[in-house]
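# Remarks on the overall topology
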Amino acid sequence: MKADAVKIADNVYWVGVLDWDIRSYHGYTLKGTTYNAYLVSGEDKVALIDNTYPGTAPQMMARIDDALQKEGKDKVDIIIQNHIERDHSGSLPEVWKKYKIPIYCTGKAAEGLKRHYPTLEDSKLEIVRTGDSLDLGGKNLMFLEAPMLHWPDSMFTFLVEDGILFSNDAFGQHLCYNKRFDRDVDDYILMDAARKFYANLITPLSPLVLRKFKEVEDLGLLDKIKMIAPSHGQIWTKPEKIINAYKKWATGKCEDKITIIYDTMHYSTQKLAHALAEGAMSEEVDVSMYFLHEDERSEIVKDILESKAVFIGSPTIFNGPFPSLGDLTYYLRGLAFDRTGFRRLAVIFGSKGWGGGGVNSLKQELSKAGFDVFATIEVDYVPSEDDLLKCYNLAKSAASKIKSL
């Protein structure tokens, strides 16, 4: 096929893939994404940074050929593999088969690549560590290990002369636009996608994010970053925007906001949710509402990331919460929002027919997930006007509380 590379700096090109059609990726809903790969052309050597999803090699290879032609070069000399997850490495066997060139990666990545791709058994894997560098001829690449951001094998690559940080999954967004830069997308869309990416993938790693920022500062690199080129979504030409956002999210700096999440069988729990929303809004606190019958967790958690409190409601079924709440609470335990250094408040509510159990179970699960349970409320069958008033006042009290946090 024919596809054009996009120049992002002198002798530097985006040669990635546009995946217009993907709608779900490891439980994360999205409307398309990009698998970003980059080609850096030095006077002596040409390096390919990262790869793309299995089955997408023709599009990437066409862009590589276009970039090489524009640079007057005939081949790629080096592969930099920042991360081994398949959306970043799936085309690696095909690239290596064509060029038979060294692959630079971390030690953990070398182990993982051999497990993922047996055809790379005979490849030359060059192990790099933080501070190691590679001279392409007027273009110097510096490597920075980034274990658990977000896999043990992850690393960043920094193009010294141009100040471009190839950050792999860090600072990414699942967006698919025909233009490549942050300035080409409305700011609300861009930052909403970045927040969703952080909430679903980076939240439990927040202490490591802060540690990595300190390391980058200690190496004197932070002020030298002029552009961030992640492996998904738009390229950041104003890196301070996303760097500041990551610092905010990693330190649990939340808004006076409550995210309300509920499911319902016969609309009793729904009535409670709406009454709670009214009480919270009476204190001029922002409210986001999610109905689990229709809404899904990867959207929900992006609002939890910036909320000081969550209200979670469920009817009781078989002496426990509705099944959709089980899926959500399991996910929240994995994300561990308290690792941001801030324990969000929780209010648990619901309706029961006789013995109950749903609210108490959710209370235990939310505590294990790192939330501080502020209060619970459970009603019999259909809520009365008095029950709804209690919900209103409870939310009003919780809203007042979070404004002081």
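Above this text you will find the structure in question.
Calculation rules
Residues numbered from 1 in each chain as written. Predicted model: local features only at pLDDT ≥ 70, side-chain atom pairs only at ≥ 80, totals over all residues. Heavy atoms only, no water. Helix = DSSP H or I, 4+ residues; strand = E, 2+ residues; numbered from the N terminus. Buried < 20%, exposed > 50% of the residue type's maximum accessible area, 1.4 Å probe, protein only. Contact = heavy atoms within 4.5 Å. Areas by Shrake-Rupley, 256 points an atom, 1.4 Å probe, with all protein chains shown as cover. Pairing = 2+ DSSP bridges. Axes fitted to C-alpha atoms, helices over the stretch in contact; angles between N-to-C directions. Core = buried A, V, L, I, M, F, W, Y, C linked by side-chain atoms within 4.5 Å. Parallel < 35°, antiparallel > 145°, perpendicular 65-115°, else oblique. Left-handed = near helix turned anticlockwise from the far one by under 90°. Nonpolar A, V, L, I, M, F, W, Y, C, P; charged D, E, K, R; others polar. Patch = residues over 30% accessible without salt bridge, like charges linked within 9 Å, V, L, I, M, F, W, Y side chains within 5 Å. Salt bridge = Lys/Arg side-chain N within 4 Å of Asp/Glu carboxyl O. Arc of directions from axis to C-beta.

## Quick look at the overall build of the protein
- Within the protein one finds twelve helices and 23 strands.
- Oriented by its inertia axes, the alpha-carbon framework of the protein measures out at about 80 × 40 × 35 Å.
- When each of the 405 residues of the protein is scored for burial, the buried share is 60%.
- A sequence separation of at least 24 residues applies to 73% of the contacts in the protein between residues at least 6 apart.
- Taken as a whole, the protein presents about 16800 Å² of accessible surface, with 50% of it coming from carbon and sulfur.

## Re the environment of I79
- Examined against the element boundaries, I79 turns out to sit in strand β9 (residues 78-80).
- The spacing of I79 and K98 is 19 residues in sequence and 12 Å in space, taken between C-alpha atoms.
- Those residues in contact with I79 that sit more than four places away from it in its chain are L48, N51, L92, V95, W96, I101, P102, I103 and Y104.

## Quick notes on the pairing of strand β14 (residues 155-159)
- Here β14 lies mainly inside the structure; five of its five residues are buried.
- On β14, burial covers both faces: M155, T157 and L159 on one face and F156 and F158 on the other are all buried.
- Across five bridges, strand β13 (residues 140-145) lies against β14 in antiparallel orientation. Along β14, the bridge assignment pairs M142 with F158.

## Some words on the sheet that holds strand β7 (residues 38-41)
- Read from one edge of the open sheet, seven strands run β1-β2-β7-β8-β9-β10-β11, paired in mixed fashion. Two strands in the sheet have a free side with no partner beyond their single neighbour: β1 (6-9) and β11 (125-127). For this sheet, the mean inter-axis angle between neighbouring strands, taken without regard to orientation, is 25°.
- Sheet topology note: the β7/strand β8 (residues 46-49) ladder contains four bridges and is antiparallel. Bridged to L39 within β8 is L48.
- Together, β8, β9 and β10 (103-105) form the strand contacts of helix α3 (residues 92-99), whose direction differs from that of β9 by roughly 165°.

## Brief notes about the sheet that holds strand β17 (residues 255-262)
- Taking strand neighbours across the sheet as the criterion, the five strands line up as β18-β17-β19-β22-β23 in an open arrangement whose pairing is parallel. Each edge of the open sheet carries a strand with a single partner, namely β18 (286-291) and β23 (372-380). Strand after strand, the sheet turns through a mean of 15° between neighbouring axes, direction not considered.
- Contacting β19 (307-313), β22 (345-352) and β23, helix α11 (residues 358-368) runs over the sheet at an angle of about 170° to β23.

## Brief notes about helix α4 (residues 107-116)
- Burial in α4 covers these residues: A109, A110, G112 and L113.
- Taken together, the buried residues of α4 touch α2 (86-89), α3, β10 and β11.

## Quick look at unusual backbone geometry
- With an omega dihedral of 10°, the bond running from L149 to H150 counts as a cis peptide bond.
- Unlike most non-glycine residues, E284 shows phi in positive territory, near 60°.
- Within the secondary structure, E284 sits in the loop between α8 (268-281) and β18.
- By relative accessible area, which is 74% here, E284 ends up exposed.
- A positive phi is found at A336, a non-glycine position, where the angle reads about 50°.
- By the secondary structure assignment, A336 is in the loop between α10 (323-335) and β22.
- Residue A336 is classed as buried on the basis of its relative accessible area of 7%.

## Regarding the nonpolar core
- Counting 93 residues, the largest nonpolar core has I64, F171, I242, Y246 and L332 as its most contacted members.
- Broken down by element, the residue count for this core peaks at nine residues, all from helix α5 (residues 187-202).
- Not counting residues within four places of it along the chain, the set of residues in contact with I242 comprises F171, M191, A194, I228, W236 and W249.

## Things to note about the packing of helix α9 (residues 297-305) against α10
- Two elements in contact, α9 and α10, have axes separated by 11 Å at closest approach and are oriented at 50°. As summarised for this structure, α9 and α10 are arranged oblique, according to the angle between their axes. Here the hand of the crossing between α9 and α10 comes out right-handed. Contact with α9, carried on its side by R297, V301 and I304, involves D327, L328, Y331, L332 and L335 of α10 and no other residues of that element.
- Of the residues belonging to the contact of α9 with α10, the class tally is six nonpolar, no polar and two charged.

## Here we look at a nonpolar patch on the surface
- On the surface, W354, Y381 and V382 cluster together into a nonpolar patch covering about 440 Å² of accessible area.
- Considering the arrangement of structural elements, one finds W354 in the loop between β22 and α11.

## Description of α11
- All of the buried residues in α11 are G358, V359, L362, E365 and L366. The arc enclosing the buried residues of α11, seen along the axis, measures out at 125°, which places them on a common side.
- If you follow the buried residues of α11, they end up packed against β19, β20 (316-317), β21 (320-321), α10, β22 and β23.
- Remark: G370 follows α11 within two positions and exhibits a positive phi of approximately 95°.

## Concerning the pattern of salt bridges
- In the structure shown here, the tally under the stated rule is 31 salt bridges.
- In this structure, K248 and E306 form a salt bridge, with 3.4 Å as the shortest nitrogen-oxygen distance. In this pair, K248 is assigned in helix α7 (residues 239-250) and E306 in the loop between α9 and β19, connecting sequence segments 58 residues apart.
- With a relative accessible area of 27%, K248 lands in the partly exposed category.
- Under the relative-accessibility criterion, E306 is labelled buried at 8%.
- With a closest N to O distance of 2.3 Å, D380 and K352 form a salt bridge. Of this pair, D380 sits in strand β23 while K352 sits in strand β22, and the two are 28 residues apart along the sequence.
- Ionic contacts of the salt-bridge type, sharing partners, join the residues D192, R195, K196, K248, E255, K257, E299, K302, D303 and E306 into one network.

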